[in-house]
Amino acid sequence: MAMRLFIFDMGEVILTGVRTLERISRALGIDERALKDDYLIYDMALMDGYMSAEEYYDHLSRKFLIPRIDGDPFASYFSPDVNRTMLGYVDELRRRGHRCVIGSNTFKPHWDIIMGYEGRPTEHFDALYASHLIHLSKPEEAFFRHIASREGFDYRDISFIDDRRVNTDTASRLGIETLLYHGPDRDEKAASFFSRYLS
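Residues numbered from 1 in each chain as written. Predicted model: local features only at pLDDT ≥ 70, side-chain atom pairs only at ≥ 80, totals over all residues. Heavy atoms only, no water.

1. Looking at the packing of aromatic side chains
Stated formally: Aromatic pairs are defined between Phe, Tyr and Trp rings, using the six-membered ring for Trp, whenever the two ring centres lie within 6.5 Å; interplanar angles under 30 degrees are classed as stacked, those over 60 as edge-to-face, and all others as tilted. We count a stretch as a helix when DSSP gives it H or I for four or more residues in a row; a strand needs E for two or more, and each element gets its number in order from the N terminus. The buried label applies to any residue whose accessible area, calculated with a 1.4 Å probe on protein chains only, is under 20% of its type's maximum; exposed applies above 50%, and partly exposed to all values in between.
One pass over the full model with this rule turns up 15 aromatic pairs. Plain terms: the ring middles of Tyr56 and Phe74 are 6.0 Å apart, the flat faces sit at 25° to each other, and that makes the pair stacked. Of the two residues, Tyr56 is situated in helix 3 (residues 53-63) and Phe74 in helix 4 (residues 73-76); the sequence distance between them amounts to 18 residues. Taken individually, Tyr56 and Phe74 each receive the classification buried, so the pair is uniform in this respect. Through a chain of ring-to-ring contacts, the aromatic side chains of Phe6, Phe8, Tyr89, Phe125, Phe193, Phe194 and Tyr197 assemble into a single cluster.

2. Things to note about the sheet that holds strand 4 (residues 99-104)
Which entries qualify depends on this criterion: Pairs of strands are assigned from DSSP output, requiring at least two bridges between the strands. Inter-axis angles, ranging from 0 to 180 degrees, are taken between N-to-C directions of lines fitted to C-alpha atoms, where helices are fitted over the stretch in contact. Whether two residues are in contact is decided by their heavy atoms, any of which lying within 4.5 Å being enough.
The five strands are arranged 5-4-1-6-7 in an open sheet whose pairing can be described as parallel. With partners counted over all chains shown, the strands left at the sheet margins are strand 5 (127-130) and strand 7 (177-180), one partner each. Taken pair by pair, the neighbouring strands of this sheet meet at an average axis angle of 20°, ignoring direction. Two strands pair when backbone bridges link them, and strand 1 (residues 5-8) and strand 6 (residues 158-162) are joined in this way by four bridges, in the parallel orientation. Each residue of the ladder has a partner; that of Phe6, found in strand 6, is Ser159. In the packing of helix 9 (residues 165-173) onto the sheet, contacts are made with strand 6 and strand 7, and the angle to strand 7 comes to roughly 170°.

3. Considering helix 8 (residues 141-151)
Given 3.6 residues per turn, any residue in an α-helix points the same way as the ones three and four places further on. Note the threshold: Directions from the helix axis toward the C-beta atoms define the arc.
When we look at burial in helix 8, the residues that qualify are Phe143, Phe144, Ile147, Ala148 and Glu151. Taken down its axis, helix 8 places every buried residue within 125° of arc, on the same side. Looking at helix 8, the residues exposed on the side facing more than 90 degrees away from the buried face are Ser149 and Arg150. At the exit of helix 8 stands Gly152, carrying a positive phi of roughly 75°.

4. Considering the pattern of salt bridges
For the record, the criterion: What makes a salt bridge here is a side-chain nitrogen of Lys or Arg within 4 Å of a carboxyl oxygen of Asp or Glu, nothing more.
Here the structure, examined in full by the defined rule, presents 18 salt bridges. One salt bridge in this structure joins Lys138 and Asp9, with 2.8 Å as the shortest N-O distance. With Lys138 in the loop between helix 7 (131-134) and helix 8 and Asp9 in the loop between strand 1 and strand 2 (15-16), the pair connects residues that are 129 residues apart, well separated along the chain. Look at Asp9 and you get buried, because its relative accessible area is 5%. Glu22 is the salt-bridge partner of Arg26, the closest N and O atoms lying 3.1 Å from each other. Of the two residues, Arg26 and Glu22 are both situated in helix 1 (residues 21-28); the distance of four residues between them amounts to about one turn of the helix. According to the relative accessible area criterion, Arg26 is exposed, its value standing at 55%.

Next up, the structure:
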């Protein structure tokens, strides 16, 4: 079988339990819905690397009248689990000659932890494309164009695994094969998806 490029999302695919806003809202005494609504305004600026976590904390302090935000809440409340099943697929795909990369929306506080995380999940991959470092994020088509160009693959020879439909929809429009890794049957769907490349 010809070599394919597999692009794996990090959050809720390789690492699970990555959500932090609920814990941050409790710690800072901010209504969870209000914090989530506010965060969505700045999400892409953070993910694209044009706004630092410190700048966002300054904004939160002013908006929600919090005299001081200590430490780095995005990092302090980030404690995901490694999805060993998905890493097993990565290892086997690479053993069979395919190329596997991370393509993730993330920002510095989380990425710094991920890079040193227990078990070193990032070391299972051939390359890492983090949105805050390449200044592009999903679901923009430019995110996928960038990775395809850097890796030297046509869209028809790329598979993309992500937990958000808006991201897989964009990839599908470009002609990229996708797996929406979401829902109670996500592991069954993954087993069926990867079986064609591992049988």
